[in-house]
Amino acid sequence: MADLMSRTAFHDGELAAQRAAGLTEEAERVRPIIAGAIPRGAVEFLARQRMLVLGAADRDGALWATSLHGPEGFLSVADPVTLRARAVVPATDPLADVLRDRADVGTLAIELATRKRFRINGRWHRVEGGGEITVHQAYGNCPQYIQARAVLEEAPAGPVPVATRGTALDAEGARLVEAADTFFIATAAAGGADVSHRGGKPGFVRVVSPTELVWPDYVGNAMMMTAGNLRLNPAAGLLVPDWRTGATLQLTGTAEVRPSAEAATGRETVFRITGSVWTENAFPTGWSEPVYSRFN
């Protein structure tokens, strides 16, 4: 029982971030949504998803975000504390090595068309054809800042992914970031890994230099999980998909939340890049144009 309570309670970094943002009371009100098992109401939602965003650390401790894809049913709930994923990342992915074994992972199932999302954090175990996640935390998130997109057609399997590694943004990567309305961020602390969604109008992420990005810290669900993790461990990873071409940009580095006179919340996140992976043919294509969130 004590272990379950520790997983469904806030850690010291999250508590500190909540105090700094003046959100302690709001966070405590929503804390009961964090469960140690998958609720019945999420089973059907997970079964119809075609994408699972995943965050973890590689063997050198660098954090990355990636995604798994498949037809409806590729995700299934084996029991309340086990999520199965019948998919693997390509060998070119920076997390391919750790996902062949066991790893602490944060995951996000996101249904863009309905702006619904559900997070599951836990321990990944490789099984034939994919993996199983032993659930440590399971909870839903609000629909804020999600740009609605629908899959217009089932795109056939494309060519083999081709990855290019670097240590900074090149011109193509900078253009994708500057035009992005959606990305995903992986963070981690002693309690495990976590991955979260970030969204806004194109241009909400500012490219300061080939090795530095900045974006405003928006009002969210008050739990401050990403900011709380960064207080304890500055490592972070980003996944920026190109919805049109199926390319992805993965970035690893460090991040911090700092005061900002320009952001509505008075906070912004600065991300300093130490590694990048640009991969062609990594992401499904065939998406509709976005319908922007009214919260942007």
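These figures come from a predicted structure and were not determined experimentally. (Residues numbered from 1 in each chain as written. Predicted model: local features only at pLDDT ≥ 70, side-chain atom pairs only at ≥ 80, totals over all residues. Heavy atoms only, no water.)

Undergrad: What exactly am I supposed to notice about the layout of surface pockets here?
TA: Here the idea is plain: a probe the size of a water molecule rolls over the atoms and shows the empty space left. Estimated volume of the second largest pocket: approximately 460 Å³. Along the wall of the second largest pocket there are 23 residues; nearest its centre are Leu-176, Pro-241, Asp-242, Trp-243 and Arg-244. Contributing elements (two or more residues each) for the lining of the second largest pocket: α5 (171–179), β13 (235–241) and β15 (267–280). Partitioned by chemical class, the residues of the lining of the second largest pocket number 11 nonpolar, four polar and eight charged. (1 Å grid on protein atoms, 1.4 Å probe; cavity = no way out; pocket = protein on both sides within 12 Å on 5 of 7 lines; lining within 4 Å. Points joined across faces, edges and corners; volume = space filled by probe spheres on them. Helix = DSSP H or I, 4+ residues; strand = E, 2+ residues; numbered from the N terminus. Nonpolar A, V, L, I, M, F, W, Y, C, P; charged D, E, K, R; others polar.)

Undergrad: For this particular structure, what's the right way to read the side chain of Thr-226?
TA: On the secondary structure map, Thr-226 appears in helix α6 (residues 225–232). One polar contact links Thr-226 to Arg-198, side chain to side chain, over a distance of 3.4 Å. The residues touching Thr-226, leaving out its near neighbours within four places in the chain, are Ile-185, Thr-187, Asp-194, Ser-196 and Arg-198. (Polar contact = N/O pair within 3.5 Å; in protein donor to acceptor, adjacent residues only side chain to side chain. Contact = heavy atoms within 4.5 Å.)

Undergrad: So what exactly am I meant to see when it comes to empty space enclosed by the protein here?
TA: Here the structure, examined in full by the defined rule, presents one cavity of 30 Å³ or more. Of the pockets and cavities examined, the largest cavity occupies roughly 430 Å³. Surrounding the largest cavity, 30 residues form its lining, Ser-196, Arg-198, Tyr-218, Gly-220 and Asn-221 being those nearest its centre. Those elements that provide at least two residues to the lining of the largest cavity are β6 (116–127), β10 (192–199), β12 (212–216), α6 and β15. With five residues, β10 is the largest single contributor of residues to the lining of the largest cavity.

Undergrad: For this particular structure, what's the right way to read helix α4 (residues 40–47)?
TA: For the α-helix, the turn length of 3.6 residues means that residues three or four positions removed from each other point alike. Within the span of α4, buried status applies to Ala-42, Phe-45 and Leu-46. All buried residues of α4 fall inside an arc of 95 degrees around its axis, so they share one side. In the core, the buried residues of α4 are packed alongside β3 (75–79), β4 (82–85), β5 (102–111) and β6. (Buried < 20%, exposed > 50% of the residue type's maximum accessible area, 1.4 Å probe, protein only. Arc of directions from axis to C-beta.)

Undergrad: Where do I start with the packing of helix α2 (residues 12–21) against α6 in this structure?
TA: When two helices pack together, you describe them by how their axes are tilted relative to each other and by the distance separating the axes. Interhelical geometry of α2 versus α6 gives an angle of 115 degrees and a closest axis separation of 7 Å. Crossing hand, α2 versus α6: right-handed. Residue-level contacts link Gly-13, Glu-14, Ala-16, Ala-17 and Ala-20 of α2 to Met-225, Ala-227, Gly-228, Asn-229, Arg-231 and Leu-232 of α6. (Axes fitted to C-alpha atoms, helices over the stretch in contact; angles between N-to-C directions. Left-handed = near helix turned anticlockwise from the far one by under 90°.)

Undergrad: How should I be thinking about the nonpolar core in this particular structure?
TA: Burial of nonpolar side chains together is a common tendency in soluble globular proteins. Grouped together as the largest cluster of nonpolar side chains are 29 residues, with contacts concentrated most on Leu-46, Leu-68 and Ile-120. Going through the elements one at a time, α4, β1 (51–57), β2 (63–69), β4, β5, β6 and β7 (130–141) are the ones with two or more residues in this core. Not counting residues within four places of it along the chain, the set of residues in contact with Leu-68 comprises Arg-50, Met-51, Leu-52, Leu-54, Phe-74, Ala-85, Ala-87, Val-88, Val-89 and Trp-124. Counting 22 residues, the second-largest nonpolar core is a separate cluster that includes Ala-174, Phe-204, Trp-215 and Leu-230. (Core = buried A, V, L, I, M, F, W, Y, C linked by side-chain atoms within 4.5 Å.)

Undergrad: Just checking my understanding: could you explain the side chain of Asp-93 for this structure?
TA: By the secondary structure assignment, Asp-93 is in the loop between β4 and β5. Buried charge Asp-93 goes without a salt bridge, the closest partner of opposite sign being Arg-165 at 7.0 Å. A polar side-chain atom of Asp-93 sits 3.3 Å from a polar atom in the side chain of Gln-250. Filtering out sequence-adjacent residues up to four positions away, Asp-93 remains in contact with Thr-66, Arg-165 and Gln-250. (Lys, Arg positive; Asp, Glu negative; His and termini not counted. Salt bridge = Lys/Arg side-chain N within 4 Å of Asp/Glu carboxyl O.)

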